[in-house]
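For reference, the chains in residue letters:
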Amino acid sequence: MIRHLVYSRWLFHHSKSVNTLVCLHGRQTRLLSTSKSSRNIMPAWVIDKYGGDDVLRFTKNASFPIITYPNEVIVQVHAAALNPIDVSMRGGYGASTLSMKRDPLNIKQSGTEFPLILGRDVSGVIMECGLDVKYFRERDEVWAAIPPWKQGSFAEFVVLSANEISHKPKSLSHIEAAAFPYVATTAWSALVNTGGLSKDNCAKKRILILGGSGGVGTFAIQMLKAWGAHVTVTCSQNAERFVRDLGADHVVDYTAGPVEEPLSVLEKFDLILDNVGGETERWALNLLKPWSGAKYVTLVTPFLQNTDSLGIADGMMQSACTMATKALKHLIKGVHYRWGFFAPSGPALDDVRDIVDAGQIRAVVEETFSFSQVPQAFEKLEKGHARGKTVVQIIEERADL
Ligand SMILES: NC(=O)c1ccc[n+]([C@@H]2O[C@H](COP(=O)([O-])OP(=O)(O)OC[C@H]3O[C@@H](n4cnc5c(N)ncnc54)[C@H](OP(=O)(O)O)[C@@H]3O)[C@@H](O)[C@H]2O)c1
């Protein structure tokens, strides 16, 4: 199914090619827009430098996104959501790697990413399609996880590639839908692409999720239960009822003492998804079934910290060495050590949509803020102890859309 969708999307996106021109405006190089829109500004929350919560600034004059490639669409954002990466990016996390991605030839001066719009999740309506977009139409309701090198969704409009978007589940409102894309595509990438799980091989597999009460955890529990796995979760005591309601079979309270002790007396696991990191790596791999293809996948990696502190080349080299050393150390004990990463993917969201519309996964929206309250939404996220997702409603739902 997913392969078929990827192939049909590929055919659509490569069916024509359009030449785009480059023009120079001072220090900026921009592709000429093929966009029909006559607007050139929009309201958005931006940052003009990296820092704390004081750097967020509301403006009515943010640049309106333009279609520069024929497979792009402009989406009117109805709802967005926050993720820990928004707080980290606001402080400059990943700036080196993301700058390289935005400007691979290093033509622009540093700081040209500003004014930067944060926000990785969007649920909204397509306002305009590029010439090669055939799989989507104007007015389609879509959801997407926005790559961190692109302008984000704390704005009225955002431009995305058609292969990053997906038709949103019909059963969800925009607010509910915005709670999914970034955590769903991250969990999908970690569990399916890196962990090798699928709906056909999950039945009765024993999975451990370290950190089950946040955005990634609440999605992963539900997806794995929909696929028939046995799911054990660690969380704090006051989240036990919450994760059990989402389907967790066994819950271990990490605040009651060293969590590895109650976990070590349980039957060993086929896969561990680590949303916590740090100390967990010392003991978690001992909980895997050895010599059976069992995998530990952690989402907490030093990849971007390394490129931030050492530069792109040295940072990537350092990451490759760390990853290879750890993988080898654990391979000789018969278990696999892996890093998991967010990967934007419309086709993955297509599959998630089917599970959501089948009623097997529900949105876990902890709190909703209005567009004017984006700084308050950041404050809430920074307090930690998430129980699902923090969502921002950008525009009121309209009955005619
Ligand atoms: N590599 C990637 O591309 C990628 C992508 C997405 C996310 N991530 C990372 O993955 C992690 C999870 O993301 P998220 O969006 O789910 O974060 P989140 O929504 O902030 O949730 C974190 C959850 O972990 C719980 N927690 C904290 N310490 C814990 C511990 N020692 N044991 C068990 N639970 C604990 C928190 O609740 P309590 O504090 O109340 O227990 C909270 O519910 C973050 O570190 C994030 O940066 C990485």
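Worth saying up front: this structure is predicted, and the values here are computed from it rather than measured.

## Here's the deal with unusual backbone geometry
Omega for the bond connecting Phe-114 with Pro-115 falls within 30 degrees of zero, at -5°, which places this linkage in the cis form. Tracing the chain through its elements places Pro-115 in the loop between α3 (95-102) and β6 (121-129). Despite not being glycine, Trp-291 shows a phi value in the positive range, around 55°. On the secondary structure map, Trp-291 appears in the loop between α9 (280-283) and β14 (295-298). Although it is not a glycine, His-385 sits at a positive phi angle of roughly 55°. For His-385, a count of 11 C-beta atoms within 10 Å corresponds to the exposed category.

## Some details on helix α13 (residues 374-382)
Taken together, the buried positions of α13 are occupied by Val-374, Ala-377, Phe-378 and Leu-381. All buried residues of α13 fall inside an arc of 100° around its axis, so they share one side. Where α13 is buried, its residues touch β3 (41-47), β4 (56-63), β5 (72-82), α2 (84-90), β16 (365-370) and β17 (389-393).

## Topic: the site of the ligand
Close to the ligand lie 26 residues, the nearest being Gly-214, Gly-215, Val-216, His-385 and Ala-386. Elements represented by at least two residues in the shell around the ligand include exactly α5 (181-194), α6 (215-226) and β11 (230-235). By residue number, the principal contributor to the shell around the ligand is α6, which donates 3 residues. Two domains each provide a minimum of three residues to the shell around the ligand, namely domain 1 (2-103 + 112-174 + 370-393) and domain 2 (183-339).

## A look at the environment of Gly-52
As for its placement among the helices and strands, Gly-52 is situated in the loop between β3 and β4. Gly-52 sits in the exposed class, given 11 other C-beta atoms within 10 Å.

## A few points about the confidence of the model for the protein
Considering every residue of the protein, the mean pLDDT works out to 91; 90% of them sit at 70 or more. Taken together, the stretch residues 1-8 has pLDDT below 50 and engages in 6 contacts with residues farther than four places along the chain or on a different chain. Every residue in residues 10-32 is under pLDDT 50, and counting partners more than four places away or in other chains gives 31 contacts.

## Some points on the sheet that holds strand β13 (residues 271-274)
Read across the open sheet, the 6 strands follow the order β12-β11-β10-β13-β14-β15; overall the sheet is parallel. A single partner strand is all that each edge strand has here, and the edge strands are β12 (250-253) and β15 (336-339). Adjacent strand axes in the sheet meet at a mean angle of 15° when their direction is disregarded. In this sheet, β12 lies alongside β11 in parallel orientation, the contact comprising 4 bridges. If you follow Thr-232 over to β12, its bridge partner there is His-250.

## So, the nonpolar core
Counting residues in each nonpolar core, the largest one holds 110 residues, and the members touching the most others are Val-73, Val-75, Ala-187, Ala-220, Ile-272 and Val-392. When residues of this core are sorted by domain, at least three fall in each of domain 1 (2-103 + 112-174 + 370-393) and domain 2 (183-339). If we ignore the near neighbours within four places in the chain, the residues touching Ile-272 are Leu-208, Leu-210, Ala-284, Leu-287, Leu-288 and Tyr-296.

Analysis parameters
Residues numbered from 1 in each chain as written. Predicted model: local features only at pLDDT ≥ 70, side-chain atom pairs only at ≥ 80, totals over all residues. Helix = DSSP H or I, 4+ residues; strand = E, 2+ residues; numbered from the N terminus. Buried ≥ 20, exposed ≤ 12 C-beta atoms within 10 Å, placed from the backbone. Arc of directions from axis to C-beta. Contact = placed C-beta atoms within 7 Å. Near = placed C-beta within 6 Å. Domains from an automatic or database assignment. pLDDT = per-residue confidence, 0-100. Pairing = 2+ DSSP bridges. Axes fitted to C-alpha atoms, helices over the stretch in contact; angles between N-to-C directions. Core = buried A, V, L, I, M, F, W, Y, C linked by C-beta atoms within 7 Å.

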